[in-house]
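Chains, contacts and geometry: an overview
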Amino acid sequence: MSDDGSRAISIIAFIGSVFSPWYRWSGRKNPADHCCLNVATYGRGGRWTMTDRGQQALRLERDAIHIGPSSMRWEDDALVVDIDEMSWPHLHRLKGRVTVHPEAVTSVELPLTEEGTHVWRPFAPDARIEVALERPGWSWSGHGYFDANFGTRALEQDFSFWTWGRYPTRRGALTFYDAARRDGTELGVAVSFEKDGAQVVEAPPRTPFRRSLWTVRRETRADPGTRPRQVKAMLDAPFYCRSAVETVVHGERTVGVHEALDLDRFASPLLKPMLAVKVPRRPRWTPHG
């Protein structure tokens, strides 16, 4: 998010694009054949890119991932993201660079299920970012976050619903991960990230707040007597919502990025054709095509 709160960007590199209908229709047999760089920019002139690419577009190196014409790579202690994608449905080229400067890189790894079928890795929960896109007004600095999720089963196979939130604090960042598992158990964890390390901390109660435009239910952690509220709309889909949310945690008022995911809705086969409109498929790619 930009320091003034007016703009935001989300970038996700997928190997096995979990929200792609094409990956689901393929039987999810070959993750590398469904890779993509999903970029969403929020604010005036915001754009969306999510092209489902075939295996020819994927190239992995020790410190880099290349997906078609875009890439992520480590340069010294910074993560550099070069973006060259077609936005949809505007059909405009979205090009530029985003550089992430972590305050620290953690070794935290959290299994989200007892079997370890899903794992969360918050590599850099507190970071500075520099955004330089080839669009008027889209060069800015702000605070950011870098993590990864790994899984060996479909999300909707193991979870029915989850929420996640990352909130900057005076000392670093707080992250909340709450999920309802298919086996009837629940995940509820709060991790405080500071310059001297990470630790699991006691979380204030789960507190519901206003549903999204698509009526996805939302909740996050908040001190008793306070109610979270959305301060900036980002992504709103029938099964998924991302927004900037204000809450009070441990006596500190903070605005962070919040996500809610309804996997019962996502599992519906009726949604897949709708998603295909937002996620075009490009099975073949060459460096000159």
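Quick look at the structure, then. What you see is a predicted model; the values in this text were computed from it and never measured.

Our focus in this paragraph is a nonpolar patch on the surface. Together, Leu 213, Trp 214 and Met 274 give the surface a local cluster of nonpolar side chains, amounting to about 380 Å² of exposed area. Turning to its location among the elements, Trp 214 is positioned in the loop between strand 17 (206–209) and strand 18 (218–221). Overall, Trp 214 belongs to the partly exposed group, its relative accessible area being 43%.

It is worth spelling out the side chain of Ser 192 at this point. Mapped onto the elements, Ser 192 comes out in strand 15 (residues 186–194). Excluding residues that lie within four positions of it along the chain, Ser 192 makes contacts with Ala 173, Leu 174, Gly 197, Ala 198, Gln 199 and Val 201.

Within the chain, Arg 28 stands out as a residue other than glycine whose phi angle is a positive 55 degrees. Position of Arg 28 among the secondary structure elements: in the loop between helix 1 (21–25) and strand 2 (35–42). The phi dihedral of Thr 215 falls on the positive side, at around 65 degrees, and the residue is not glycine. Inspection of the secondary structure assignment puts Thr 215 in the loop between strand 17 and strand 18. For Thr 215, a relative accessible area of 39% gives the class partly exposed.

Attention shifts here to the nonpolar core. If you look at the biggest cluster of nonpolar residues, it comprises 35 residues, and the most contacted ones within it are Phe 19, Leu 112, Trp 120, Trp 162, Tyr 177, Phe 239 and Leu 261. It is strand 15 that provides the largest number of residues to this core, a total of four residues.

Here we come to the pairing of strand 17. Of the two faces of strand 17, the one lined by Thr 207 and Phe 209 is fully buried and the one lined by Arg 206 and Pro 208 carries no buried residue. Note that strand 17 and strand 18 share four bridges and pair antiparallel. Bridge assignment links Thr 207 to a residue of strand 18, and that residue is Thr 220.

Before going further, it helps to examine the pairing of strand 8 (residues 78–86). Within a regular strand, the side chains alternate between the two sheet faces. In terms of burial, strand 8 is a largely internal element, eight of the nine residues being buried. Where strand 7 (residues 70–75) folds back on strand 8, the antiparallel hairpin that results is connected by two residues, among which Asp 76 adopts a positive phi of roughly 55 degrees. A loop of six residues connects strand 8 with strand 9 (residues 93–102), the two strands running antiparallel in sequence, and Leu 91 in this loop sits at a positive phi of about 60 degrees.

Within this structure, the stated rule accounts for 26 salt bridges. Between Glu 219 and Arg 217 there is a salt bridge; the shortest N-O distance is 3.6 Å. Judged by its relative accessible area of 36%, Arg 217 falls in the partly exposed class. Overlapping salt bridges, with partners in common, bring together Asp 178, Glu 186, Arg 206, Arg 217, Glu 219 and Arg 221 in one network.

To continue, consider the side chain of Glu 156. Topologically, Glu 156 is positioned in helix 2 (residues 155–158). Within the structure, Glu 156 has its side chain in polar contact with the side chain of Arg 28 (distance 3.1 Å). Apart from the residues lying within four places of it in its own chain, the contact partners of Glu 156 are Arg 24, Arg 28, Arg 182, Leu 263, Phe 266 and Ala 267.

A few words on the packing of aromatic side chains. Tallied over the full model, the rule gives 15 aromatic pairs. Consider the rings of Phe 14 and Phe 19, whose centres lie 6.5 Å apart with planes at 80 degrees: the pair is edge-to-face. For Phe 14, a relative accessible area of 9% translates into the label buried. The interplanar angle of 45 degrees and the centroid separation of 5.0 Å between the aromatic rings of Phe 239 and Phe 266 together place this pair among those described as tilted. With Phe 239 in the loop between strand 19 (229–236) and strand 20 (240–249) and Phe 266 in helix 3 (residues 263–266), this pair connects stretches of sequence that are 27 residues apart. Across the pair, Phe 266 and Phe 239 agree in class, each one buried. An aromatic cluster is present here, built from Phe 14, Phe 19, Phe 239, Tyr 240 and Phe 266 joined pairwise through their rings. When the ring centre of Phe 161 is taken as origin, the NZ or CZ atom of Arg 217, which lies over that ring, is 3.7 Å away.

Thresholds applied
Residues numbered from 1 in each chain as written. Predicted model: local features only at pLDDT ≥ 70, side-chain atom pairs only at ≥ 80, totals over all residues. Heavy atoms only, no water. Patch = residues over 30% accessible without salt bridge, like charges linked within 9 Å, V, L, I, M, F, W, Y side chains within 5 Å. Areas by Shrake-Rupley, 256 points an atom, 1.4 Å probe, with all protein chains shown as cover. Salt bridge = Lys/Arg side-chain N within 4 Å of Asp/Glu carboxyl O. Helix = DSSP H or I, 4+ residues; strand = E, 2+ residues; numbered from the N terminus. Buried < 20%, exposed > 50% of the residue type's maximum accessible area, 1.4 Å probe, protein only. Contact = heavy atoms within 4.5 Å. Core = buried A, V, L, I, M, F, W, Y, C linked by side-chain atoms within 4.5 Å. Pairing = 2+ DSSP bridges. Polar contact = N/O pair within 3.5 Å; in protein donor to acceptor, adjacent residues only side chain to side chain. Phe/Tyr/Trp six-rings, centres within 6.5 Å; stacked < 30°, edge-to-face > 60°. Lys NZ or Arg CZ within 6 Å of the ring centre and 35° of its normal.

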